[in-house]
There are 2 protein chains.
Amino acid sequence: MSEDAFEATVAAVRERVDPSSSERERLRAVADELVERAEDAATERVADADVVQVGSTARGTWTAGDRDIDVFVRFPTDIDRETLEQYGLEVGREVLPDGHEEYAEHPYVKGEYEGFDVDLVPCFRVDAATGIRSAVDRTPFHNAYLRERLDDELAGDVRVAKAFCKGIGVYGSDLRTQGFSGYLVELLVLEYGGFRELVTAAAEWHPQVERDPESHGTRSFEDPLVVVDPTDPERNVAAVVSPANVARLQHHARALLADPDPERFEPREPDPLSPAEVRAQLAARGTTPVAVRFDPPDVVADQLWPQLRKSLDGVTDALDRRGFDTFRATALADGTAALFVELAVAERPAVERHDGPPVHVREHATGFYEKYAAMAETPPYGPFVDGDDRYVVERAREFTTAAAFLRSDALFDVALGSGVERALADDYEVLVGDEVATLATAFGTELAAYFSPRP
Amino acid sequence: MSEDAFEATVAAVRERVDPSSSERERLRAVADELVERAEDAATERVADADVVQVGSTARGTWTAGDRDIDVFVRFPTDIDRETLEQYGLEVGREVLPDGHEEYAEHPYVKGEYEGFDVDLVPCFRVDAATGIRSAVDRTPFHNAYLRERLDDELAGDVRVAKAFCKGIGVYGSDLRTQGFSGYLVELLVLEYGGFRELVTAAAEWHPQVERDPESHGTRSFEDPLVVVDPTDPERNVAAVVSPANVARLQHHARALLADPDPERFEPREPDPLSPAEVRAQLAARGTTPVAVRFDPPDVVADQLWPQLRKSLDGVTDALDRRGFDTFRATALADGTAALFVELAVAERPAVERHDGPPVHVREHATGFYEKYAAMAETPPYGPFVDGDDRYVVERAREFTTAAAFLRSDALFDVALGSGVERALADDYEVLVGDEVATLATAFGTELAAYFSPRP
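Numbering of residues starts from 1 in every chain and runs along the sequence as written. Whichever chain is written first is A, and whichever ligand is written first is 1; the rest continue in order. At least 70 in pLDDT is required for a residue's local features to be given in this predicted model, at least 80 for side-chain atom pairs to be given and counted, and no such filter applies to totals for whole chains, interfaces and linings, which use all residues. Side-chain measures here rest on the full set of heavy atoms in the structure, leaving out hydrogens and waters.

S.K.: Is there a simple way to think about the overall build of chain A in this case?
M.R.: Put simply, DSSP H or I for four residues or longer makes a helix, DSSP E for two residues or longer makes a strand, and each gets a number counted from the N terminus. When its secondary structure is counted, chain A shows 14 helices and 15 strands. Seen through its principal axes, chain A has C-alpha atoms that stretch 85 × 60 × 45 Å. For the exposure calls, accessible area comes from a 1.4 Å probe over protein chains only, and a residue counts as buried if that area is under 20% of its type's maximum, exposed if over 50%, partly exposed in between. Counting only residues that meet the buried cut, chain A has 51% of its 455 residues in that class. For every accessible area listed, the method is Shrake-Rupley and the probe measures 1.4 Å; residues are considered covered only by the protein chains on display. Summing over all exposed atoms, chain A offers an accessible surface of approximately 20000 Å²; the carbon and sulfur share of this is 44%.

S.K.: Help me understand the pattern of salt bridges, please; the structure alone is not making it clear to me.
M.R.: Pairing is possible between side chains that carry opposite charge, provided their charged atoms lie close to one another. All names here are of chain A. By convention in these notes, a salt bridge is any Lys or Arg side-chain nitrogen within 4 Å of a carboxyl oxygen on Asp or Glu. Per the stated rule, a full pass over the model turns up 62 salt bridges over all chains. In this structure, Asp-50 and Arg-74 form a salt bridge, with 3.0 Å as the shortest nitrogen-oxygen distance. One end of the pair, Asp-50, is in strand 1 (residues 50-54); the other, Arg-74, is in strand 2 (residues 68-75), with 24 residues separating them in the sequence. It is possible to trace a salt-bridge network through shared partners that takes in Asp-48, Asp-50, Arg-74 and Arg-125.

S.K.: Honestly, the relation of the copies chain B and chain A in this entry has me stumped. Any pointers?
M.R.: Related by rotation about an axis and a shift along that axis, the two copies of the chain form a pair. The superposition of copies rests on a least-squares fit of C-alpha positions from residues with pLDDT of 70 or more in both. Superposing chain B onto chain A takes a rotation of 180° combined with a translation of 0.1 Å along the rotation axis, leaving an RMSD of 0.2 Å. As the rotation angle and translation indicate, the two copies are arranged about a two-fold axis. Ranked by how close their C-alpha atoms come to the rotation axis, the residues of chain B are headed by Val345(B), at 3.4 Å.

S.K.: Before we go on, may I ask you to explain the UniProt feature "binding site: ATP" (unreviewed entry) in chain A in this structure?
M.R.: Residue and element names in this part refer to chain A. UniProt positions are given in the numbering used here, feature names are shortened, and annotations may be inferred rather than shown by experiment. The UniProt record marks Ser-56, Arg-59, His-142, Lys-162 and Tyr-171 with the feature "binding site: ATP" (unreviewed entry), using the residue numbering of this structure. Structurally, the position occupied by Arg-59 is in the loop between strand 1 and strand 2. Looking at Arg-59, the relative accessible area reads 14%, which means it is buried. Apart from the residues within four sequence positions on either side, Arg-59 is in contact with Asn-143, Leu-146, Arg-147, Tyr-183 and Glu-186. Here Lys-162 lies in helix 5 (residues 152-167). Contacts are assigned to residue pairs with any non-hydrogen atoms lying within 4.5 Å of each other.

S.K.: Looking at this structure, how should I read the sheet that holds strand 14 (residues 390-396) of chain A?
M.R.: Sheets are built from strands that pair by backbone hydrogen bonding, the pairs being arranged parallel or antiparallel. Residues and elements named next belong to chain A. Ordered in space as 12-14-13, the three strands form an open sheet in which the pairing is antiparallel. The strands lining the two open edges of the sheet, one partner per strand, are strand 12 (351-358) and strand 13 (381-386). On average, each strand axis in the sheet is tilted by 25° relative to the strand beside it, whichever way the strands run. In this analysis, strands are considered paired if DSSP registers two or more bridges between them. Relative to strand 14, strand 12 is paired through six bridges, and the arrangement is antiparallel. Within strand 14, the residue paired with Glu-352 across the bridge is Arg-395. Only the stretch in contact is used when fitting a helix axis, every axis being a line fitted to C-alpha atoms; angles between N-to-C directions are given from 0 to 180 degrees.

S.K.: Explanation requested: the domain arrangement of chain A in the structure shown.
M.R.: All names here are of chain A. Domains are outlined according to an automatic or database domain assignment. For chain A, the assigned domains read domain 1 (18-134), domain 2 (152-265), domain 3 (275-347 + 400-451) and domain 4 (351-396). Relative to domain 2, the C-alpha centre of domain 1 lies at a distance of 27 Å. For the pair domain 1 and domain 2, the two sides together bury roughly 830 Å², of which 45% comes from carbon and sulfur. At the boundary of domain 1 with domain 2, the tally comes to two salt bridges. As a salt-bridge pair, Asp-18 and Arg-159 come within 2.7 Å of each other at their nearest N and O atoms. In protein, a polar contact requires one atom able to donate a hydrogen and another able to accept it; more generally it is a pair of N or O atoms within 3.5 Å, and residues adjacent in sequence count only if both atoms are side-chain atoms. Our count for the contact surface shared by domain 1 and domain 2 stands at six residue pairs in polar contact (both at pLDDT 80 or more). Residue composition of the side of domain 1 that touches domain 2, by class: three nonpolar, five polar and four charged. Reported buried area values correspond to the accessible surface (1.4 Å probe) lost by two parts on association, with both partners' losses combined. Under this grouping Gly is polar, as are all residues other than the nonpolar Ala, Val, Leu, Ile, Met, Phe, Trp, Tyr, Cys and Pro and the charged Asp, Glu, Lys and Arg.

S.K.: I'm lost on the sheet that holds strand 11 (residues 336-343) of chain B in this one. Help?
M.R.: Residues and elements named next belong to chain B. If you walk across this open sheet you meet the four strands as 10-11-9-15, and the pairing is antiparallel. Every interior strand has two partners, whereas the edge strands, strand 10 (326-334) and strand 15 (429-432), have only one. In this sheet, adjacent strand axes meet at a mean angle of 15° when their direction is disregarded.

S.K.: What's the story with unusual backbone geometry in this structure? I'm lost.
M.R.: Negative phi characterises most residues that are not glycine, and trans characterises most peptide bonds. Each neighbour pair has its own omega, and for Pro207(A) with Gln208(A) the value is 5°, a cis peptide bond. One can find Gln208(A) in the loop between helix 7 (195-202) and strand 6 (209-211). In this structure, Pro383(B) follows Gly382(B) across a cis peptide bond, with omega equal to 5°. Considering the arrangement of structural elements, one finds Pro383(B) in strand 13 (residues 381-386). Despite not being glycine, Asp325(A) shows a phi value in the positive range, around 45°. One can find Asp325(A) in the loop between helix 10 (301-321) and strand 10 (326-334).

S.K.: How should helix 10 of chain A be read in this particular structure?
M.R.: For an α-helix the count is 3.6 residues per turn, leaving residues at separations of three or four pointing the same way. Residues and elements named next belong to chain A. To estimate how far a helix should extend, the number of its residues minus one is multiplied by 1.5 Å. Relative to the 30 Å expected for 21 residues at 1.5 Å per residue, helix 10 spans 30 Å between its end C-alpha atoms, a close match to the ideal helical length. Buried residues belonging to helix 10 abut strand 9 (288-294), strand 10, strand 11 (336-343), helix 12 (402-406) and helix 13 (418-426). Among the residues trailing helix 10, Gly-323 stands out with phi positive, at a value near 90°.

So this is what it looks like as structure tokens:
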């Protein structure tokens with residue numbers, strides 16, 4: 001690797017991700033106007049309320065083209081939660097008359113303003129991040145911490161690091177992505193002292209990796225990556241990052257150091273597959289595809305995705321236990337939803353082996369023998385003696401295909417996410433063989449990525 | 001269970017298995033004549049040679065209709081082994097002019113004499129069974145031990161016990177059966193004090209079961225049943241008995257005590273299946289049958305059967321490792337030979353998952369990644385990150401059917417018995433699907449038992 005090549009790549013990326021001075025000025029002007037209007041509306045209601053702009057656009061770490069402005073209205077802690085919510089919505093509606101209500105830990109207003117996407121969020125003004133009453137109260141502390149420490153140079157490296165995480169598909173702490181939040185990327189760049197220092201370190205990580213910028217951590221974590229929140233010693237900022245995403249960052253860090261190509265900062269956008277292309281893929285792989293298609297429950301993405309993963313795990317575990325050997329599987333959701341499973345085994349015999357107790361365990365063994373010996377029809381075959389000293393029978397198997405299992409009530413014995421379970425109880429269809437290819441209509445891009453997997 | 005019913009059954013069995021007095025007299029006369037003729041021939045060569053009749057017909061424990069007379073010619077230990085073999089064969093040929101040579105640990109003569117099957121075996125006359133020079137030297141000690149201890153009552157119980165072991169298929173210490181030898185049955189009846197006492201005890205056995213009639217055992221054994229040889233403290237008379245045969249004896253002991261039906265002493269002889277019946281069985285079970293058919297190597301049964309078992313284990317292990325899931329399997333041999341395997345899985349995909357190292361193990365992981373990433377064609381799919389933090393590829397699978405594996409040279413990477421390996425190297429055929437049913441021509445009875453398995 002040449003140092004020049006790396007720096008040249010970083011420079012090229014910064015060309016793309018650094019906001020222009022006109023973008024900065026425009027954003028500054030709009031943000032100031034928003035803060036002023038919010039202040040007017042807030043102090044009308046509570047005299048000592050105040051307003052802060054937070055997020056990447058508040059600290060110069062946004063990447064060019066981002067249109068998000070986050071404005072937090074802070075109320076003193078002597079008002080009650082109900083009043084805070086009421087005032088928060090009132091201020092939001094006044095500042096963003098065309099906005100709408102959203103709900104995180106409590107409601108807030110989201111709306112467009114002069115071409116920017118604005119979140120106007122009420123919170124309590126507490127003395128320290130450790131004394132927060134709701135998760136959003138922490139945000140102003142994060143903001144203050146980073147503003148104090150990120151100079152222009154580091155802010156530039158943060159933008160490059162964010163672009164890199166986006167390029168390799170690990171950016172975002174939503175529960176679908178399970179990746180790196182903006183705040184986490186900023187902390188990591190700050191902690192390692194730059195983008196290049198971060199990727200050099202990540203290339204050599206041996207998880208569990210633990211960083212504690214303020215050396216104040218008070219508890220231990222199971223997560224592969226731990227970054228103790230500088231504003232809260234009990235919190236791991238990287239708690240949501242999956243082990244796979246840590247591994248992906250490591251892989252791509254090494255790849256970037258070995259070959260610092262600016263292309264690595266460009267998100268991969270595979271061409272969507274057509275149904276015919278999905279059929280061709282499945283035929284080439286020789287797997288047995290099945291899918292459970294259903295209308296997703298009406299919950300937010302951060303609730304839906306953990307439920308989809310839990311449901312997919314439950315279904316694949318149940319199929320594995322029944323001998324259909326999951327080869328690979330994925331959950332799909334976007335308007336419609338599906339649990340898509342590629343199996344290695346298309347069909348099992350009409351019989352299954354069932355091992356009983358060792359013959360010498362007399363009471364238990366005799367009970368087993370008498371139960372099966374009393375059955376008049378075949379199967380069961382046996383009981384006979386096998387596995388050295390056990391009674392064994394070959395009894396009728398309940399499901400000889402995965403589809404038969406998925407179409408049966410036994411599907412509901414699987415541990416499913418609660419919303420998914422309700423959705424399936426309402427209605428679902430099982431797609432088998434080439435029918436699965438119809439999923440390409442809704443999920444062509446996801447299936448393209450699935451059939452061309454990369455780190 | 002009624003005591004009368006049990007005793008009535010034993011009486012009925014004894015009706016069948018006790019030799020008549022005319023059979024006894026006839027056997028006595030023939031045996032005496034054989035011993036006398038052998039003595040003449042032996043002492044002509046070595047003055048202090050002697051001759052003993054051994055085996056069940058020497059101690060009144062044979063079952064009616066047995067035609068085996070065993071005559072041992074004992075030479076002093078001051079002659080060498082070569083001379084013993086030479087004299088042994090000479091005596092054998094003189095006594096049994098129409099006999100032929102067989103070979104156990106050393107050669108002996110087997111022949112018919114007055115309608116009886118006679119073994120005429122040379123051995124060394126040693127001072128104690130612990131000082132034997134070859135395994136056959138031990139036999140006269142066994143004979144002497146039992147003759148001293150088995151009265152008419154116990155001899156009768158031995159005959160019943162042998163009939164029972166034959167009826168349930170566990171009689172015989174040959175390496176195909178891996179069951180109870182005549183000597184072992186006699187020791188067990190003696191040790192427990194009768195047939196009924198033996199089955200009552202066996203019904204409650206908790207292997208490992210250890211009996212040491214002379215309380216002189218000096219070593220420990222792994223076998224489920226241990227009966228220390230009264231003539232040799234280092235030998236387990238039951239060493240050859242498989243765990244399954246111990247379990248079978250336990251099962252049938254309980255069954256006999258619960259329902260003392262004389263039928264239980266009758267060997268099971270299932271009607272042979274036709275090829276069409278085998279096809280029907282396989283269709284009902286829905287398994288995938290394959291068989292490797294070959295001409296068995298020219299070795300004695302006690303060499304062949306361990307080799308067949310080893311080969312069958314090797315083949316089923318290899319098929320299991322390749323994902324074809326052996327459902328049940330058996331070796332067949334009788335003129336022709338076959339390894340017959342019923343599989344639960346007919347076909348695997350064109351690809352197989354191959355897990356690489358965790359990404360953080362940098363050197364190893366990078367080697368894995370570069371190896372597969374350099375392959376130009378698909379498969380492999382990947383490398384990608386899965387299993388939390390590992391590189392994974394889906395690479396081309398070598399064999400998608402069991403038959404393809406069995407037809408390939410990879411079959412010879414399996415641990416096969418040496419004679420079987422030579423036979424397969426010479427020639428073999430792989431039978432698939434309905435072709436397997438042709439085995440019914442040679443093995444109709446074995447396949448009938450296979451498809452109606454009982455303890």
